[in-house]
Amino acid sequence: MDKLIAENQGLRARLAEAEETLNAIRNGEVDALVVSGVNGEQIFTLQGADYPYRVLIEGMGEGALILTAGGGMIFYANQRLADMLRTPLEHLIGATFEHWIAPADRTAFQALLHLDQPQPQRRIELELVASDGTVVPCYLSLSLFQMEDVQCSVCLVATDLTEQKRSEALVVAAEKLARSILEQAAEAIVVCDHSTRIIRASGVAHVLCGENPLDQPFERVFPLQQADGAPFSLREIVNAGQRRWVEVRLERTGSIIYLLVSVGPLVGPQGDPLGSIVTLTDITQRKAAEDQIEQLAFYDPLTRLPNRRLLQDRLRQVLAAGTRSHRQGALLFIDLDNFKSLNDTLGHDIGDLLLQQVAQRLIDCVRAGDTVSRQGGDEFVVILKDLSEQPEEAAAQTQDVGAKIQAALNQPYRLAGHDCRSTPSIGVTLITDHQTTAEDLLKRADLAMYQAKAAGRNTLRFFDPDMQAVLEARTALEAQLRDGLRDGQFLLYYQPQVDREGGLTGAEALLRWRHPQRGLVAPNEFIPLAEETGLILPLGHWVLETACAQLAAWARQPETAGLTLAVNVSARQFRHPEFVGQVRAVLGLPSVDPHRLTLELTESLLLDDVTDTIAKMTALKALGVGFALDDFGTGYSSLTYLKRLPLDQLKIDQSFVRDVLADPNDAAIVRIIVALARSLNLAVIAEGVETEGQRTFLLDSGCRDFQGYLFGRPGPVAALWGIGSAPPASS
Ligand code: C2E
Ligand code: MG
Ligand code: MG
């Protein structure tokens, strides 16, 4: 293989054989390659030992070329250079290289070529202009190599800088962007290195920390506190290596700023951790709004105590905790006695002050973990937690707290200059059975509270298991009441009212329930429950309608046209905003004379909300309706009110009538009531008159109208005609 393959006279002629030659070289078929210049001078020899270099040059990532001496023509170029210049390789060979050098860089290139010896390597950064006009930033490094006897040849390596330039530009742009983000960000953004030292910070971050945070440890510049008061540790989060969001607070000269801190990793191009990026968003306003919503939803605005909703929640927690710990708890239901009269006499503002002071006294009576809540109105509920595991001991502990509460609430109150007194009725139930529901517990304590009221107020009563039976019976009764209403099981009985001669003047309508199992049921057995459940509204409406239908029937007969009818109205019914409208509607029946209708109200009802009472009574009076004050003497009416109310009649309660002959006190009371009625210009009627003796005494005392078994028991309407002088024409 000692043959000389090529010795070209002309460079272009050599090209025709270039491919073949190259293959021959690659295949190791040649020992040497001798290249001659245009003038026959041998300018390049590639000996066998140079093959590897040749292969290397062909495969290089950089463009490589060899120029003829003097830097004129391209003698050799690799494919990469052809690609860079967007020119076929064969067009390159023999061409003038300077042709592809940007005009502005040509002088520099020439200077590079002609630099004085002896620098063996020279470099220059310039722009090549490819054949299609693309500008290729490029780095040329030049080597001179000396041929044995001929001129110098120039070897150039061109490194394409396009990509590098592009990424350099990207880095600059990214840096610019990052800077403007940091400057303009509405949030505090802080970049920390791996040791949580701050290396970059946004403008807002500077303002937030009030100093220059750069180069400082994050925790020193931002002493943040978590919700539980523990200090916020960036390092911990960074060490855990997770993205995290934490709500924290930052105290700044008297004010507290709430922040949402978001921590994310700062990573290098290969995903290597470099530090962290921390964003601090001010959520103070959102927090304030949240707090306000919570206050409104879960706290009573007047006393700032937990409200009914929050109480239920706490109660459920106590029940759940008790199941785990077996510790007992207790529920105290506290109702202020006579709060309504205080409210009415001194005004709601004073009433509010009392409620606030009661709230404070209750808080002072219990331990920190216990709950004091306001259920509404004058009702408070206290939950005691962590009592003894022994029921008896727990009961004793509760009794102690209850007594303490009672004593505290009994202390006089100073309310805007008024000295006032108030007492509580307290119902208690122990939370022993953690299977019960919060609602059941509240019901029990409520029931016990009613027992305390019944026992004379200002006292404490425990819920006892017998009450449970009562509770269940009431639930059943409620369902039956609803059925009764639906199925028309109610009817009205009528009890005669007579004048001094015993002549029938009218009747009182008294409600009865024809119960499918129990027979005829008296109103005292179901009216209270109907009141509590609201069923009194449809029931009372039915009574009014039926009574008015009766009045209309009477009006059609001259013999009965003058009779009056008294109808009992319960507090809940009267309080209903639609009450006046309802009465007006039932009076709309043709031929009903409103002057024949008397509504019987009780004292407690009247005093509940005096302003509302007077307004409603006045509106109804304008229609012609009359008012009687039922069970008079049993309540605690103040005479001042009595004067202000548009009443027509006082009804002496039967409890005074019963013993009027035996008890001098009752006799005196009856005389006073009659005198009072006279002085107020009111009619007076005695109820529950059973004997002739009672009638005589009442008559002597000045009473002119009577009602009672002596004249007739309540019964169906037809039974009215059994008495007095008015015979039934028809009923
Ligand atoms: P009230 O309005 O004071 O009615 C008088 C009660 O005394 C009636 O009881 C009546 O039967 C009874 N009574 C009448 N005369 C005598 C007597 O000489 N001796 C004795 N011992 N009792 C006599 P009743 O019918 O059981 O009604 C009880 C209460 O139920 C009523 O007391 C009234 O407050 C209420 N009530 C009755 N009907 C209605 C109604 O339609 N609506 C409302 N809201 N309450 C009603
Ligand atoms: Mg009555
Ligand atoms: Mg009565």
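Residues numbered from 1 in each chain as written. Chains lettered and ligands numbered in written order. Predicted model: local features only at pLDDT ≥ 70, side-chain atom pairs only at ≥ 80, totals over all residues. Heavy atoms only, no water.

Student: Describe in detail the coordination of the magnesium ion (ligand 2), supporting the description with residues and values.
Tutor: Only Glu508 (OE), Asn568 (OD1), Glu600 (OE) and Asp630 (OD) from the protein coordinate the magnesium ion (ligand 2), and they sit 2.0 to 2.3 Å from it. The sequence pattern formed by the donor residues of the magnesium ion (ligand 2) is E-x59-N-x31-E-x29-D. Between the two metal centres, the magnesium ion (ligand 2) and the magnesium ion (ligand 3), the spacing is 4.1 Å, with Asp630 acting as a shared donor. Residue Asn568 is located in strand E24 (residues 564–568), and its partner Asp630 is located in strand E26 (residues 626–632); the two are separated by 62 residues in the primary sequence. On the basis of relative accessibility, which here comes to 7%, the residue Asp630 falls in the buried class. (Donors = N, O, S within 2.8 Å, 3.2 Å for Na, K, Ca; no water. Helix = DSSP H or I, 4+ residues; strand = E, 2+ residues; numbered from the N terminus. Buried < 20%, exposed > 50% of the residue type's maximum accessible area, 1.4 Å probe, protein only.)

Student: I'd like a rundown of the pattern of salt bridges, residues and numbers included.
Tutor: Applying the stated criterion across every chain, the model contains 31 salt bridges. Note that Arg286 is salt-bridged to Glu247, the shortest N-O span being 2.7 Å. On the criterion of sequence distance, the pair formed by Arg286 in helix H10 (residues 284–298) and Glu247 in strand E11 (residues 244–252) is long-range, its members being 39 residues apart. Here Glu290 and Arg286 are joined by a salt bridge, their closest N and O atoms 3.1 Å apart. Of the two residues, Glu290 and Arg286 are both situated in helix H10; the distance of 4 residues between them amounts to about one turn of the helix. Look at Glu290 and you get partly exposed, because its relative accessible area is 36%. The network of salt bridges with common partners includes Glu247, Arg286, Lys287 and Glu290. (Salt bridge = Lys/Arg side-chain N within 4 Å of Asp/Glu carboxyl O.)

Student: Explain the sheet that holds E11 to me, using residue names and the numbers behind them.
Tutor: Taken in spatial order, the 6 strands of this open sheet run E9-E8-E13-E12-E11-E10, and their pairing is antiparallel. With one partner strand each, in any of the chains shown, strand E9 (198–201) and strand E10 (225–226) form the two edges of the open sheet. The sheet contact formed by strand E8 (residues 188–193) and strand E13 (residues 273–282) spans 6 bridges and is antiparallel. Directly across from Val191, in E13, lies its bridge partner Ile277. Each of E11, strand E12 (255–267) and E13 is contacted by H10, which is oriented at about 125 degrees to E12, the strand it contacts most. (Pairing = 2+ DSSP bridges. Contact = heavy atoms within 4.5 Å. Axes fitted to C-alpha atoms, helices over the stretch in contact; angles between N-to-C directions.)

Student: Describe the nonpolar core, naming the residues involved and giving the relevant values.
Tutor: Counting 77 residues, the largest nonpolar core has Trp554, Leu599, Leu647, Leu650, Ile652 and Leu698 as its most contacted members. Counting residues per element, this core draws most heavily on helix H18 (residues 536–555), at 9 residues. Contacts of Ile652, omitting those with residues within four sequence positions, involve Phe632, Val657, Val670, Ile673, Val674, Val684, Ile685, Ala686, Glu687 and Leu698. Leu305, Ala394, Ile405 and Leu430 belong to the second-largest nonpolar core, a separate cluster that totals 32 residues. (Core = buried A, V, L, I, M, F, W, Y, C linked by side-chain atoms within 4.5 Å.)

Student: Tell me about the coordination of the magnesium ion (ligand 3), residues and numbers included.
Tutor: Those protein atoms acting as donors to the magnesium ion (ligand 3) are Asp630 (OD), Asp631 (OD), Glu687 (OE) and Glu687 (OE), and they sit at 2.0 to 2.6 Å. Within one chain, the residues donating to the magnesium ion (ligand 3) are spaced in sequence as D-D-x55-E. On the basis of relative accessibility, which here comes to 26%, the residue Asp631 falls in the partly exposed class.

Student: So, the pairing of E13: which residues are in play, and what are the values?
Tutor: The pairing of E12 with E13 spans 9 bridges and is antiparallel. Its bridge partner being in E13, Ser262 is matched across the sheet by Thr279. Between the end of E12 and the start of E13, which pair antiparallel, lie 5 residues, with Gly271 showing a positive phi angle near 80 degrees.

Student: How would you explain unusual backbone geometry if you had to name every residue and give the values?
Tutor: The residue Thr196 is not glycine, and still its phi comes out positive at about 60 degrees. The topology assignment puts Thr196 in the loop between E8 and E9. Assessed through its relative accessible area of 2%, Thr196 is described here as buried. Phi at Ala416 is positive, roughly 45 degrees, even though this residue is not glycine. Along the chain, Ala416 turns up in the loop between strand E17 (413–415) and strand E18 (418–420). Overall, the relative accessible area of 58% leaves Ala416 in the exposed class.

Student: Describe the sheet that holds strand E14 (residues 328–337), naming the residues involved and giving the relevant values.
Tutor: Pairing is mixed in the open sheet, where 5 strands are placed in the order E15-E16-E14-E19-E20. One side of each edge strand has no neighbouring strand; the edge strands of this open sheet are strand E15 (371–376) and strand E20 (460–462). Along the sheet, successive strands turn relative to each other by an average axial angle of 20 degrees, direction set aside. Sitting on the sheet, helix H15 (residues 438–454) is in contact with E14, E15, strand E16 (379–387), strand E19 (423–431) and E20, with an inclination near 140 degrees to E19.

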